[in-house]
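Listed below, chain by chain, are the residues.
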Amino acid sequence: MRIRATVAAVTGALALSAFTAPAAHAAPATPYTMNVSFSNLKIASSIKVGTTNKVSATYSYTLTHGSDVNATAADFYSDAYLYRGSLDDPTATVEGDDFATCKVTTSTTLTCTGTVDVYPAEGELTSSDAGKWSVAAEATAFNGQNPSSPDYSKVGFKDAGGLATTSLLRYSKLTTNASPEPVAKGKTITVTGTLTRASWDYNKYYGYGAQSVKLQFAKKGSSTYTTLKTVTTDYYGKLKTTVTASVDGSYRYVYAGVSTTAAVTSAADAVDVQ
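Quantities reported herein were computed from a predicted structural model and do not represent experimental measurements.

## Comments concerning the packing of aromatic side chains
- As enumerated under the stated definition, the model contains nine aromatic pairs in all.
- Between the aromatic rings of Tyr202 and Tyr206, the centroid separation amounts to 6.4 Å while the plane-to-plane angle is 80 degrees, which identifies the pairing as edge-to-face.
- The partly exposed category is assigned to Tyr206, whose relative accessible area is 40%.
- Members of the aromatic cluster, joined through ring pairs, are Phe38, Tyr59 and Tyr61.
- The ring of Tyr208 carries the charged tip of Arg197 above its face, separated from the ring centre by 3.7 Å.
- For Arg252, the ring lying beneath its charged end belongs to Tyr225, and the centroid distance is 3.8 Å.

See the structure below:
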């Protein structure tokens with residue numbers, strides 16, 4: 001989660017200060033509302049985030065502007081970002097490292113693309129941040145003003161929320177071990193495994209308990225898996241069940257995921273039946 005685009009953050013703060021300035025002093029100039037709108041915003045339906053690696057998700061949107069807006073100027077900036085709460089007073093935001101790259105489509109439209117970037121190892125997320133987020137877009141035009149000391153009455157700004165949604169999901173891991181290997185036909189095979197998920201509070205993976213996980217089987221030489229049964233993880237995320245050996249094949253566990261945790265399929269473990 002990078003610091004909000006400096007331009008947008010500053011202009012937003014100035015707009016707020018106009019309403020909170022003491023009556024004895026004139027309110028500072030605030031940016032004017034630009035003739036800009038955003039549409040067709042696309043982003044992945046979910047973003048899986050682990051404990052250490054940076055995760056980036058690409059977005060795109062259409063920016064439409066009036067003839068009075070120089071959207072190709074070097075000091076015109078736009079980007080999209082995730083937020084929770086209200087657009088005017090979000091409880092949290094997730095932004096990109098850089099502004100979006102916008103290319104001219106018509107005389108009044110641009111197609112913009114960029115990324116939101118998440119750094120879990122830097123403590124930017126807590127586990128309570130998992131779940132659905134809203135997506136907004138914004139644009140700022142300095143119109144030749146010095147960004148270090150602009151006349152904000154000549155700076156244009158526009159933002160819009162609720163353009164899309166995505167979910168930040170805690171990355172999950174799942175293992176499968178079927179034994180003994182090999183096994184005599186008709187004997188019992190014990191299939192164990194462990195389901196874990198990322199903790200953004202402690203940057204570690206912990207067992208995920210009380211979760212329904214499917215045990216699947218595919219005959220040797222086939223890529224088609226059939227669900228044999230559903231197994232529930234214990235408090236530590238452990239799985240254990242038994243099946244009867246019949247033919248050569250591979251076993252795997254499959255977890256469908258929930259609103260805060262990503263789905264995952266384990267690597268398959270082959271068993272030779274003799």
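## Quick notes on unusual backbone geometry
- Residue Pro180 is reached from Ser179 by a cis peptide bond, and omega for that bond is 5 degrees.
- Looking at where Pro180 falls in the secondary structure, it is placed in the loop between strand S12 (177–179) and strand S13 (188–199).
- The linkage connecting Glu181 with the following residue, Pro182, adopts the cis geometry, with an omega of -5 degrees.
- Here Asn40, not a glycine, exhibits a phi torsion of approximately 55 degrees, which is positive.
- Assignment of secondary structure puts Asn40 in strand S2 (residues 36–43).

## Regarding the confidence of the model for the protein
- Mean pLDDT over the protein stands at 91; residues scoring 70 or higher make up 90%.
- Note on residues 1–7: pLDDT is under 50 here. Beyond four places in sequence and across chains, it has 27 contacts.
- Ignoring residues within four places in sequence, the model shows residues 11–27, a span with pLDDT below 50, making 17 contacts including any to other chains.

## Considering the side chain of Thr233
- On the secondary structure map, Thr233 appears in the loop between strand S16 (226–232) and strand S17 (238–244).
- Here Tyr208 takes part through its backbone oxygen, which lies 2.8 Å from a polar atom of the side chain of Thr233.
- At 3.0 Å, the side chain of Thr233 forms a polar contact with the backbone nitrogen of Ala210.
- With near-sequence residues (within four places) excluded, Thr233 lies in contact with Leu195, Tyr208, Gly209, Ala210, Gln211, Val213, Lys238 and Leu239.

## Section: the state of the cysteines
- Summed over the entire model, instances satisfying the criterion amount to one disulfide.
- In this model, Cys102 is linked to Cys112 through a disulfide, with the two sulfur atoms separated by 2.1 Å. Its torsion about the S-S bond being 110 degrees, the disulfide of Cys102 and Cys112 is classed as right-handed. Of this pair, Cys102 sits in strand S7 (residues 101–106) while Cys112 sits in strand S8 (residues 109–118), placing them 10 residues apart in sequence.
- What makes Cys102 partly exposed here is its relative accessible area of 27%.

## Things to note about the sheet that holds S2
- Sheet architecture is open: four strands sit in the order S2-S4-S8-S7, paired in antiparallel fashion. This sheet does not close on itself; its edge strands, each paired only once, are S2 and S7. Averaged over neighbouring strand pairs, the angle between their axes works out to 25 degrees when direction is ignored.
- Sheet topology note: the S7/S8 ladder contains five bridges and is antiparallel. Paired with Thr101 across the two strands is Thr113, which belongs to S8.

About the criteria used
Residues numbered from 1 in each chain as written. Predicted model: local features only at pLDDT ≥ 70, side-chain atom pairs only at ≥ 80, totals over all residues. Heavy atoms only, no water. Phe/Tyr/Trp six-rings, centres within 6.5 Å; stacked < 30°, edge-to-face > 60°. Buried < 20%, exposed > 50% of the residue type's maximum accessible area, 1.4 Å probe, protein only. Lys NZ or Arg CZ within 6 Å of the ring centre and 35° of its normal. Helix = DSSP H or I, 4+ residues; strand = E, 2+ residues; numbered from the N terminus. pLDDT = per-residue confidence, 0-100. Contact = heavy atoms within 4.5 Å. Polar contact = N/O pair within 3.5 Å; in protein donor to acceptor, adjacent residues only side chain to side chain. Disulfide = S-S within 2.5 Å. Pairing = 2+ DSSP bridges. Axes fitted to C-alpha atoms, helices over the stretch in contact; angles between N-to-C directions.

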